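The lines below spell out each chain.
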Amino acid sequence: MTQDKTTGALIVKAIVLVIAAALLFAPFLFQDVRSVEVAARICIFVVLVASYDLLIGYTGIVSFAHTMFFGFGAYGAAIALKQLGNTWASIGIGAVAGIALSLVLAVAIGLLSLRVKAIFFAMITLAAASVALVLASQLSQLTGGEDGITYRTPDFFKTATKLMTDEDGKVLRIAGVRMNGKLAAYYFVFFTSLALFIVMLRITASPLGTVLKAIRENEARAEAIGYRVVSYRTFVFCITAVIASLAGTIYAIWLKYTGPDTALSFAIMIDILLMVVIGGMGTLWGAVIGAVLLVMAQYYLRDLMEVASEATANIPVLPHLLEPDRWLLWLGLIFILLVYFFPKGIAGTIMDKGART
Amino acid sequence: MTPSLRTEDLTIRFGGHVAVNAVSCDFRPGELTVIVGPNGAGKTTYFNLISGQLPATSGRVIKDGTDITSLAPSARARHGIGRAFQLTNLFPQLSVLENIRLAVQAQSGDGWRVFTAARTLTGLTAKAERYLEAAKLTRVAHQPAAALPHGDQRKLEVALLMAMEPDIYMFDEPTAGMSLDHTPDVLDLIADLKKDQSKTILLVEHKMDVVRALADRIIVLHNGELLADGAPSEVMSSQIVRDVYLGKSEEPA
C-alpha cells in the first residue's frame, strides 16, 4: 500500500485532529495571554510551513525566499493600516498589494531561474530575500526601518470591543472567557489559517498535486510524458508565494506590529526549515506537527528547564546543564535526536509504519 | 505512404566525439522498425535526440511535416512522440496506478486542475486501469512503483508509454533484464500495438528471437552512423551486419 493507507497515517491524522481541536478551543482551554499568543503563532506557522512544504516536499524546490513573501504580506497590511487608517479596506488593500508584489517577484524569479539547477535557484532566492531585508530596513519612511511599524487594527479586534454583553452591559464571559475583540482576533487568525490549510490540502489531492509529486520523483520522466516542468514549478512557486503573503497579512493583523524580526528575518526562514524537517516533508500533516513542536519549544522549553533545574538543585552538575539559558543547546540536541530517530520527519516516519501490502 | 517521423542528417557531438552522425531515416505508420547495433553504437542517443532529452548539434527531427527539433521533451510528447526508457525511469514513491494515471492525465490536459479532487476524475482512473490490466499489473495497482520486482517495473515502464497513446512508440530494450516468463507479456503488448496500422513503432532490441518475431524492418547503427536499412531477412544475412556484431568492422589497413 502507498503511504496514505497505513495505520501510521491514521495515527498522524488523529494527532493533527487533536491539535486542530486544541487550537479551536485554545482561548477556553488555556486562559492566559501567553498561551493564546502561542496558539495564534502556531496557526500562522502551520500555514507558512505547509505552503513551504508544497514547494520543498511536494515539488522538490528549495527556496529561501519564503519569508520574503511572508514579509510582503505583513508589510503590505502594516503600511496600509498605518497610512490609510485602521479599516477593513486597508487590510484588503494591504493584502492585495502584498500578493501582487509577491506574484510579480515569484513569476520573475520562477521564469528566470527555475530552469537552472536547484542549487543556483536556492542561491537566487537567498539573494532576493537578502535584498528585501535590506530594503525593509533602509526604506525607513515607509517601513519604519529596524524599529518596524506599530499600528491599530480595525476596532472589531480591540480588547475593549464587546462581542456580547450581559444584562449589566458588561462584556459577557462564557466559561470564564471574555467575549471581546481579542477573542475575535484569535478566531480570525484561526479560521483564515484553517481555510488556507484546506485550500492547500485540496491542491495536493488534485491532478495538479499528483503532477507536482511526479516532478519531485522524476523530473525528466514527467517532462517526457508531456508535462512542462518549468510551467508547473513556476505555478506552484507563485501559489505558495501568495499563501505565504496571506499568512504574513494575518500575522500583521494579529501582532499589530510588523518589523524585520517578525516578518522578514532569516531566523524565520530557519524556523520554517526546522519545522518542515521535524514534521516531515511532503505530507502537509508534517507542517502541523512541526509548527506545534517548534513553537511550543521556543516558548516553553525555558520554563520547563527552569523547573528541571530547580528540581535537580541538590544533584551536582545537572542543574548547570539544565540552566534555562542553555535552552538553545537542548533544542539543538532534541533536533538531532528527532532527525536521527525520525529520518523522514515525525509525520513521514510514522506514516510509513503499519504498511499492509 | 508518407513518413510520420523523419530524421534529417541528425547529429550530436560530445566534444570531439560524434555519438550520432548524420542519420537520415524515415519511419512510416504501420511499420515496426528494430534498431540494432553493438553497445555504444548510438541507439539510445538517437532515441534521445528524437524524443528531446538531448539537443541535436545539427540536423532536424520532423513529425508529420512539423519541425520539432527545437522543442522541449514535453512539447514533443504532446506532438505524439512517446518514449520508454532502457533504464527503468518511473515515479518510485507513487503507486502503480498513479504512475499510469499521470500519463493518461498528461494527454487529457487535466494536469492544471487545481481544485478538483484527483480521485473524482473517474474517467482517467478507468482508463489507467485498462492499461494496468493490459500490462497484467492490476494486482499491484496500489503498491509504490519502487516496491515492484524488476520484471513488473519493466512492464510498468511499457504501460506508461502505452498510456500516453502516442503516434510514435519508442521502446528502448523493453525486455532488458526480464525473466523469460515475463518477456512474453511485453512482447504481446507490442504485437497488439502492431495490429493498429496507424502507429509507428521504433524498437531497440538485442534479442534476435524478439527481432525476428516483430520486425518489419531493421536498421543498423554503428559508431553513430546508419550502416544498413532493409527487410529483416536481408539485413540479418548481410555480411556488413555480421562483421559489426563479430567485431570485424574495421577496414583493412
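Quick note: structure is the one above.
Criteria and thresholds
Residues numbered from 1 in each chain as written. Chains lettered and ligands numbered in written order. Predicted model: local features only at pLDDT ≥ 70, side-chain atom pairs only at ≥ 80, totals over all residues. Helix = DSSP H or I, 4+ residues; strand = E, 2+ residues; numbered from the N terminus. Rg over C-alpha atoms; globule rule 2.2 N^0.38 Å. Buried ≥ 20, exposed ≤ 12 C-beta atoms within 10 Å, placed from the backbone. Contact = placed C-beta atoms within 7 Å. Pairing = 2+ DSSP bridges. Axes fitted to C-alpha atoms, helices over the stretch in contact; angles between N-to-C directions. Nonpolar A, V, L, I, M, F, W, Y, C, P; charged D, E, K, R; others polar. Parallel < 35°, antiparallel > 145°, perpendicular 65-115°, else oblique. Left-handed = near helix turned anticlockwise from the far one by under 90°. Expected span 1.5 Å × (residues − 1). Bend = angle between axes of the 7 residues up to and from the residue.

So, the overall build of chain A
Secondary structure assignment for chain A yields 17 helices and 4 strands. Its C-alpha radius of gyration of 21 Å places chain A within 12% of the 21 Å reference for a compact globule of 357 residues. Based on the C-alpha atoms only, the size of chain A along its principal axes is roughly 70 × 55 × 40 Å. Here chain A, with 357 residues, has 47% of them falling under the buried criterion. In chain A, of all internal contacts separated by at least 6 residues, the share reaching a separation of at least 24 is 72%.

A word on the sheet that holds strand β2 (residues 17–27) of chain B
All names here are of chain B. With respect to topology, 4 strands assemble into an open sheet ordered β2-β1-β4-β5, the strand pairing being antiparallel. Two strands close off the open sheet at either side, each with one partner strand: β2 and β5 (66–67). Along the sheet, helix α1 (residues 43–51) contacts β1 (5–14), β2 and β4 (58–63); its crossing angle with β2, the most-contacted strand, is approximately 65°.

Thoughts on the interface of chain B and chain A
Across the contact, 36 residues belong to chain B and 25 residues belong to chain A. Those elements giving two or more residues to the side of chain B that touches chain A turn out to be α2 (73–78) and α3 (96–108) of chain B. Per-element accounting of the side of chain B that touches chain A gives the leading share, 6 residues, to α3 of chain B. Class assignment for the residues of the side of chain B that touches chain A results in 19 nonpolar, 12 polar and 5 charged.

Some words on the packing of helix α13 (residues 266–279) of chain A against helix α14 (residues 285–311) of chain A
All names here are of chain A. Their axes nearest at 7 Å, the elements α13 and α14 cross at an angle of 120°. Between α13 and α14, the angle is such that the two are oblique. As for how α13 packs across α14, the hand of that crossing is right-handed. Every residue of α14 that contacts α13 at Asp 271, Leu 274, Met 275, Val 276, Ile 278 and Gly 279 is listed here: Gly 286, Ala 287, Val 288, Ile 289, Gly 290, Ala 291, Leu 293 and Leu 294. Of the residues belonging to the contact of α13 with α14, the class tally is 10 nonpolar, 3 polar and 1 charged.

Side note on helix α3 (residues 33–59) of chain A
A turn of α-helix holds 3.6 residues, and therefore any two residues three or four places apart point the same way. Residues and elements named next belong to chain A. If you check α3, its first and last C-alpha atoms are 38 Å apart, about what 27 residues at 1.5 Å a residue would give, namely 39 Å. At Asp 53, α3 is bent by approximately 35°, the largest bend along its length. Burial of α3 is extensive: 21 of the 27 residues sit out of reach of the surface. Gly 60, located one to two residues past α3, shows a positive phi value of around 80°.

Structural notes on the sheet that holds strand β6 (residues 81–83) of chain B
Residues and elements named next belong to chain B. Spatial strand order, β6-β7-β8-β3-β9-β10: 6 strands in an open sheet with mixed pairing. Looking at the sheet topology across the chains shown, the edges are occupied by β6 and β10 (225–230). Averaged over all adjacent pairs, the angle separating strand axes in this sheet is 20°, with direction ignored. One ladder, built from 4 bridges, connects strand β3 (residues 32–36) with strand β9 (residues 217–222); its direction is parallel. Among the inter-strand pairings, Thr 33 is bridged to a residue of β9, identified as Arg 217. Across the sheet, α1 lies against β3, β6, β7 (168–172), β8 (200–204) and β9, angled at about 150° from β7, the strand it touches most.

Points about helix α11 (residues 229–255) of chain A
Residues and elements named next belong to chain A. With 27 residues, α11 extends 39 Å between its outermost C-alpha atoms, agreeing within 8% with the 39 Å of an ideal straight helix rising 1.5 Å per residue. The buried count for α11 comes to 25 of 27 residues, which makes it a mostly enclosed element. A positive phi of about 60° marks Lys 256, the residue just after α11.

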